[in-house]
Amino acid sequence: MAFKWFKKKKDDVAPPAETDAASVDAGLPEEAAAEAPVAAHTREEDITAAEAADESGTDSVPAGEDSSSDVQALSENGGSGLFARLKSGLSKTRKILTTDIDELFLGKKIVDDDMIEDLEELLITADMGVQTTMDIMERISGKRSRISGAGELKRVLKEEILAYFDTVPDAPSDSAIQPHVVMVVGVNGVGKTTTIGKLAAHQSRRGKKVLIAAADTFRAAAIEQVAIWAERAGADIVRHKDNADPAAVAYDGIEAAISRGVDTVFVDTAGRLHTKVNLMEEIKKIQRTLAKRLPDAPHEVLLVLDATTGQNALSQAKMFNDALGVTGIALTKLDGTAKGGIVISICSSLNIPLKYIGVGEGMEDLQIFDPQQFVEALF
């Protein structure tokens, strides 16, 4: 049936203490030869909104806005307000799925072969992936005699989709070791720095002391952007001058976190094209450097993916996982695509927990992934 679809198609995206970064030269690993940190004094008024925007140009930090009303913690119990935001963020995907499923039953009372083929095309269009879609349709075909309307079909679809999430392992919890180190990775433009800022805000609201190591030393304005997010999240920041050794920044970040009694460290990294071996080797160096200073660090490797890139996100995840051992995924920009089915595709294809999903630009729009609420919001 999938072949028919492809044939048919062929025809027819509290402010930090602005102190100098900790200068820690003693014990610095040779491969992370320290470059002298520079002062982290950044005047927000000197940084334009354009510089504060992430690589993709979305999820920018509103200049001059009071963080007290903007920074909201991620909800772990799924309040009704966050569910409404989730539904709103998935509106493009839901419009396609719900409307088209309803239309499938116009003039029909049973699920026939033509309807099965149309439904298969619909799921593939929503980016659930060919193999995942075929597996779902095979199971639905076996239940077709019990499906008598659009509502019943949606219920069966929800059950089948939820079954994929049951097989994914749980995401790692915060380690007992202090500080808990999270290295954030991904290709250019997916929203890594923005995601770090929102997660740092969440941790701060929980009463945790947070530090961000600005190890993306190559991208223009990247350090300034991190500084703004750190200020709004109430997090400390360790930074070096532009083009400094990222591994040295990461090392100094751990040193500063230990001396200041920090609970959580987020290590920002430069965008890496997953197909460039030399760039991936550089990020492996940061990982090794963290482990030399703090055993078992990083405790998490969080991969940020852009939902609008569709199936390309899967190839990115596989290559980053092979290189670094990814422990969790943050999927951003779900509100910008009608292909929200990529969430199911990721969970069915990769044995990596989906920890967070982004359904908007606000702090509260980065949500802890809840499979049950996601599926309810999808239909």
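Scroll up to find the structure this text is about.
Everything numeric in this text was worked out from a predicted model, so none of it was measured.

Caption draft 1: How the structure looks around the sheet that holds strand S8 (residues 366-368). Read from one edge of the open sheet, eight strands run S3-S2-S4-S1-S5-S6-S7-S8, paired in mixed fashion. Each of the sheet's edge strands pairs with one partner strand only, and the pair in question is strand S3 (236-238) and S8. Each strand axis lies, on average, 25° off the axis of its neighbour in the sheet, ignoring direction. Relative to strand S6 (residues 328-332), strand S5 (residues 300-306) runs parallel, the two being bridged by five bridges. In the sheet register, Val304 faces S6, and the bridge partner there is Ala330. Where helix H12 (residues 277-293) meets the sheet, it contacts strand S1 (180-185), strand S4 (264-268) and S5, and its direction lies at approximately 180° from that of S1. Along the sheet face, helix H13 (residues 312-324) touches S1 and S5 and points at about 160° away from the line of S5.

Caption draft 2: Broad picture of the nonpolar core. Formed by 103 residues in total, the largest nonpolar core has its most connected members in Leu119, Ile140, Phe165, Val267, Leu331, Leu334 and Phe374. In terms of residue count, helix H8 (residues 150-166) provides more of this core than any other element does, eight residues in total. The residues contacting Leu334, other than those within four sequence positions of it, are Gly89, Leu90, Ala307, Gly340, Ile342, Val343, Ile357, Gly358, Val359 and Phe374.

Caption draft 3: Quick look at the pairing of S6. For S6, the buried fraction is high: five of the five residues fall into the buried class. The alternating pattern of S6 places Gly328, Ala330 and Thr332 on one face and Ile329 and Leu331 on the opposite face, and all of these are buried. In this fold, the crossover linking S5 to S6 by way of H13 has right-handed handedness. Both S6 and strand S7 (residues 354-358) contribute to a ladder of three bridges, which runs parallel. Bridge pairing links Leu331 to Ile357 in S7. In this fold, S6 hands off to helix H14 (residues 342-349), which returns the chain to S7; that crossover is right-handed.

Caption draft 4: The packing of H12 against H13, seen in detail. Where H12 contacts H13, the two axes come as close as 10 Å, and the packing angle between them is 45°. In terms of orientation, H12 lies oblique with respect to H13. For the pair H12 and H13, the sense of crossing is right-handed. Contacts between H12 and H13 involve Met280, Ile283, Lys284 and Gln287 from the former and Met319, Phe320, Ala323 and Leu324 from the latter. Tallied by class, residues from the contact of H12 with H13 come to six nonpolar, one polar and one charged.

Caption draft 5: Spatial organisation of the packing of aromatic side chains. This structure, assessed with the given rule, holds three aromatic pairs. When the ring of Phe165 is compared with that of Phe374, the centres are 6.4 Å apart and the planes differ by 90°; the resulting orientation is edge-to-face. One end of the pair, Phe165, is in helix H8; the other, Phe374, is in helix H15 (residues 371-378), with 209 residues separating them in the sequence. With relative accessibility at 0%, the residue Phe374 sits in the buried group. Three or more aromatic residues link up through ring pairs in this structure, and these residues are Phe165, Phe369 and Phe374.

Caption draft 6: Expanded view of the environment of Arg260. Its location among the elements puts Arg260 in helix H11 (residues 246-260). Exposure remark for Arg260: the relative accessible area of 23% places this residue in the partly exposed category.

Caption draft 7: Fine view of H15. Of the positions making up H15, those classed as buried are Gln373, Phe374, Val375, Ala377 and Leu378. Its side-chain oxygen 3.0 Å from the backbone nitrogen of Gln372, Asp370 forms the N-cap of H15.

Caption draft 8: Region of the structure containing the side chain of Lys355. Along the chain, Lys355 falls in strand S7. In this structure the side chain of Lys355 is engaged in a polar contact, spanning 2.9 Å, whose partner is the side chain of Glu300.

Caption draft 9: Just H11, in detail. Given a rise of 1.5 Å per residue, 15 residues ought to cover 21 Å, and the 21 Å separating the end C-alpha atoms of H11 matches this to within 8%. Of all 15 residues that make up H11, 12 are buried, and the element is covered over most of its length. All buried positions along H11 are accounted for by Pro246, Ala247, Ala248, Val249, Ala250, Tyr251, Asp252, Gly253, Ile254, Glu255, Ala256 and Ala257. Contacts from the buried residues of H11 go to S1, strand S2 (210-214), S3, S4 and H12.

Caption draft 10: Structural context of the pattern of salt bridges. Going through the model one piece at a time under the given rule, you end up with 16 salt bridges. One salt bridge in this structure joins Glu376 and Lys158, with 3.2 Å as the shortest N-O distance. One end of the pair, Glu376, is in helix H15; the other, Lys158, is in helix H8, with 218 residues separating them in the sequence. Judged by relative accessible area, Glu376 falls into the partly exposed class, the value being 32%. Through salt bridges with shared partners, a single ionic network connects Arg85, Glu364 and Asp365.

What counts as what
- Residues numbered from 1 in each chain as written.
- Predicted model: local features only at pLDDT ≥ 70, side-chain atom pairs only at ≥ 80, totals over all residues.
- Heavy atoms only, no water.
- Pairing = 2+ DSSP bridges.
- Helix = DSSP H or I, 4+ residues; strand = E, 2+ residues; numbered from the N terminus.
- Axes fitted to C-alpha atoms, helices over the stretch in contact; angles between N-to-C directions.
- Contact = heavy atoms within 4.5 Å.
- Core = buried A, V, L, I, M, F, W, Y, C linked by side-chain atoms within 4.5 Å.
- Buried < 20%, exposed > 50% of the residue type's maximum accessible area, 1.4 Å probe, protein only.
- Right-handed = clockwise from strand over helix to strand, strands pointing away.
- Parallel < 35°, antiparallel > 145°, perpendicular 65-115°, else oblique.
- Left-handed = near helix turned anticlockwise from the far one by under 90°.
- Nonpolar A, V, L, I, M, F, W, Y, C, P; charged D, E, K, R; others polar.
- Phe/Tyr/Trp six-rings, centres within 6.5 Å; stacked < 30°, edge-to-face > 60°.
- Polar contact = N/O pair within 3.5 Å; in protein donor to acceptor, adjacent residues only side chain to side chain.
- Expected span 1.5 Å × (residues − 1).
- Salt bridge = Lys/Arg side-chain N within 4 Å of Asp/Glu carboxyl O.

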